[in-house]
Amino acid sequence: MALPDEIFTLTSLEDLNLFNNSLKRVPVELNKLTELRQLNLASNKLNQLVPNSLNGMKHLKRLALFWNRIVKLPNLADLVELETLQLQGNLIQEWPQLDKHPCLKEINLTKNEISSLPAAAFSPQTFPELRELEINSNKLESLPDSLATLPNLTKLSISENKLTSLPDGVWGMKGLTFLGLQQNKFTEIPATITGLKDTLLTLYVEGNQLTSLPGCLTELGELVRFSAKNNPLEDSAELKGTLDKLKTIVNENGSKPDKGGAKFIV
């Protein structure tokens, strides 16, 4: 399917939804639609976006490109009002070309082919309002220290990668409420996780290489959801004591009306 030329004359258009239309190409003329607030090109057959095709879209708030075959993205620096960037389910190999995005709250790059992130991928200046970062199911072996500089991050979901550790600063991110580390290669949880004791609600570490759980997990006083199944945990009195205390904390917190119910799986 090709887009009719008439679309590109609609220069006042604010919402363009082309979800699931078997599109293989979007022409550069797309950049004539400079008033767009939402652009949905998800679930098509795109393997690229033409360079400059998003230039000038300074009012765009949501860009949905998930479930395509995109390998590389054009420069997204012009999207200065972007709030949501949905790129999951592609073949992207590199971190997107982003600049300063003061409104960006969500980035989802799950199910791509990214093996590394630039050292300067994150900063308070580039993403001052970023709340949710999902990079599950990629090929990451490490994360840059700059990740810990994001001042408003609440959700970090990085399951199904090849990670063995997190940057030290992540364990002290005061606003973090969700930490998803499933299906990686962690062999330990550091004692510095107590830096999250006042905010962390969800901790998922299942499917790693953990042989023990530190007793300091019981200092996570706000925890509501915890899972450590499918780890080679070695049975011990210390482990049993930690799990009993942790389960009590989770169940007590989960019973509160505003917490949405407890989850405890080991």
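My aim in this report is to walk through the structure given alongside it, one point at a time.

### Side note on the packing of aromatic side chains
What characterises a pair of aromatic rings is the spacing of the ring centres plus the angle enclosed by the ring planes.
Next, step 1: Applying the stated rule across the entire model yields six aromatic pairs.
Next, step 2: When the ring of Phe66 is compared with that of Trp67, the centres are 5.0 Å apart and the planes differ by 90°; the resulting orientation is edge-to-face.
Next, step 3: Considering the side-chain rings of Trp95 and Phe122, the 5.1 Å spacing of their centres and the 65° angle between planes classify their relative orientation as edge-to-face. With Trp95 in the loop between strand 4 (84-86) and strand 5 (106-108) and Phe122 in the loop between strand 5 and strand 6 (132-134), the pair connects residues that are 27 residues apart, well separated along the chain.
Next, step 4: Judged by relative accessible area, which is 11%, Trp95 ranks as buried.
Next, step 5: Among the residues examined, Phe122 registers a relative accessible area of 3% and is labelled buried.
Next, step 6: A connected cluster of aromatic rings, assembled from ring pairs, spans Phe19, Phe66 and Trp67.

### Some thoughts on the sheet that holds strand 11 (residues 263-265)
Next, step 1: Taken in spatial order, the eleven strands line up as 1-2-3-4-5-6-7-8-9-10-11 in an open sheet, and their pairing is parallel. Here the strands that pair on one side only, and so sit at the sheet edges, are strand 1 (15-17) and strand 11. For this sheet, the mean inter-axis angle between neighbouring strands, taken without regard to orientation, is 5°.
Next, step 2: Contacting strand 10 (225-227) and strand 11, helix 1 (residues 237-254) crosses the sheet at an angle of about 160° to strand 11.

Analysis parameters
Residues numbered from 1 in each chain as written. Predicted model: local features only at pLDDT ≥ 70, side-chain atom pairs only at ≥ 80, totals over all residues. Heavy atoms only, no water. Phe/Tyr/Trp six-rings, centres within 6.5 Å; stacked < 30°, edge-to-face > 60°. Helix = DSSP H or I, 4+ residues; strand = E, 2+ residues; numbered from the N terminus. Buried < 20%, exposed > 50% of the residue type's maximum accessible area, 1.4 Å probe, protein only. Pairing = 2+ DSSP bridges. Axes fitted to C-alpha atoms, helices over the stretch in contact; angles between N-to-C directions. Contact = heavy atoms within 4.5 Å.

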